[in-house]
Amino acid sequence: MSSLAVRKAAPAAGTTPGTAQGPPLRRRIAFVPTLTLLLGALYCLLPVAWVLIAATKSGRELFSTFTFLPGSGFTQNVKDLNAYRDGIYWKWMGNSALYAGLGALLSTAVSALSGYALAIYRFRGRETVFGVLMAGVLMPPVILAIPQYLLLAKADLTDSYVSVLLPLILSPYGVYLARIYSSAAVPGDVVEAGRMDGASEWRIFTRIALPMMVPGLVTVFLFQFVAVWNNFLLPYIMLSDDEKFPITLGLFTLLEQGSNTPALYTLVITGALLAIVPLIALFLVIQRFWSLDLLSGAVKS
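Below you will find a few notes about this structure. On a predicted model such as this, the values are computed, not experimentally measured, just so you know.

## Some remarks on helix H5 (residues 126–138)
Taking 1.5 Å per residue as the helical rise, H5 with its 13 residues ought to reach 18 Å, and the 19 Å between its terminal C-alpha atoms agrees with that figure. Along H5, the residues that are buried comprise Arg126, Phe130 and Leu133. Projected down its long axis, H5 carries its buried residues within an arc of 60°, all on one side. Opposite its buried face, H5 presents the exposed residues Thr128, Val132 and Leu138, each directed more than 90 degrees away. Where H5 is buried, its residues meet helix H4 (88–120) and helix H8 (172–185).

Here it is, written out as structure tokens:
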């Protein structure tokens, strides 16, 4: 019998008997996603770090010192930017705030109404309408810019604030998000209960459904605000008066002039850094809404 007995394998050197030994290959594979994320973060944050450091340099330091060595000219750069053409940079910032704030607000309102209607109501052609909107998500903005310009030129609305705001009101991606969120956050039983109590459809939407949709609509507002704030092509085509330029187009004109006047490069870099601040502030202000429960609005109402 002793010859048939199964002998237990001796534990490997440097290991504790009775413990499972995971294969080293599995640990190496698990390390790959972490390394990939770190490289991706480095790729995204390196340009931001460059802008942050370059904004501290004077015009002489910008071209003569090490790339990631801080300079001593940030305060002077801000003063020069403020003095450039009687502070037109802040005019551009105000225009961007108008375009992004009002445009995102109107777009969120349209997305909320459209998404709620597509999610709750059953009508003929609903899926066709939704399919057309989804096609709009796949449509590159450069394809729509020229037709939009021709339509607004026909209505004599080009080179105005309306010419930038009007095409931004309808966001197919915003409608898509609003519909998906409405389907998940607004129970059909709650809507039916409101109807049985005699509430109108508008009252059901504003008093019952809308509070439930707030976290999703905050996301739509943030996405649209960032998209409008960073928008360059539409204002570039629509506007000719630099007093109506947003910050993206204004910095572009400064960059073009910098080829003849290198001193303007420091203004472009400093202006680009300051243009990020409103986006960071907006994110910090509205991020608390994402922690709300899907049904918190119904409980509060």
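Let's pick the thread back up.
## A word on the pattern of salt bridges
If you walk through the whole model with that rule in mind, you get six salt bridges. A salt bridge links glutamate 192 to arginine 195, with the nearest nitrogen and oxygen atoms 2.8 Å apart. Here glutamate 192 and its partner arginine 195 are both found in helix H9 (residues 188–196), three residues apart, which amounts to about one turn of the helix. With a relative accessible area of 28%, arginine 195 lands in the partly exposed category. For arginine 195, the salt bridge identified is with glutamate 201, shortest N-O distance 2.9 Å. What emerges from the salt-bridge pattern is a single network uniting Arg126, Glu127 and Arg179.

## Considerations on a nonpolar patch on the surface
A surface patch of nonpolar side chains, about 890 Å² in accessible area, is lined by Phe31, Leu35, Leu39, Leu42, Leu46, Trp50, Phe66, Phe68 and Leu69. Checked against the element boundaries, phenylalanine 31 lands in helix H1 (residues 24–54).

## Quick notes on helix H6 (residues 141–154)
Look at H6: 20 Å from first C-alpha to last across 14 residues, which is about the 20 Å you get at 1.5 Å a residue. Of the residues one or two after H6, aspartate 156 is the one with positive phi, at around 60°.

## Quick look at the packing of aromatic side chains
Counted according to the given criterion, the structure contains 15 aromatic pairs. With 5.9 Å between their ring centres and 15° between their planes, phenylalanine 225 and tryptophan 229 make a pair best called stacked. Here the residue phenylalanine 225 and the residue tryptophan 229 both occupy positions in helix H10 (residues 201–229), the gap between them amounting to four residues, near one helical turn. Here phenylalanine 225 and tryptophan 229 have matching classes, each one buried. An angle of 25° between the planes, with centres 5.3 Å apart, marks the rings of phenylalanine 232 and tyrosine 236 as stacked.

Thresholds, definitions, all that
Residues numbered from 1 in each chain as written. Predicted model: local features only at pLDDT ≥ 70, side-chain atom pairs only at ≥ 80, totals over all residues. Heavy atoms only, no water. Helix = DSSP H or I, 4+ residues; strand = E, 2+ residues; numbered from the N terminus. Expected span 1.5 Å × (residues − 1). Buried < 20%, exposed > 50% of the residue type's maximum accessible area, 1.4 Å probe, protein only. Arc of directions from axis to C-beta. Contact = heavy atoms within 4.5 Å. Salt bridge = Lys/Arg side-chain N within 4 Å of Asp/Glu carboxyl O. Patch = residues over 30% accessible without salt bridge, like charges linked within 9 Å, V, L, I, M, F, W, Y side chains within 5 Å. Areas by Shrake-Rupley, 256 points an atom, 1.4 Å probe, with all protein chains shown as cover. Phe/Tyr/Trp six-rings, centres within 6.5 Å; stacked < 30°, edge-to-face > 60°.

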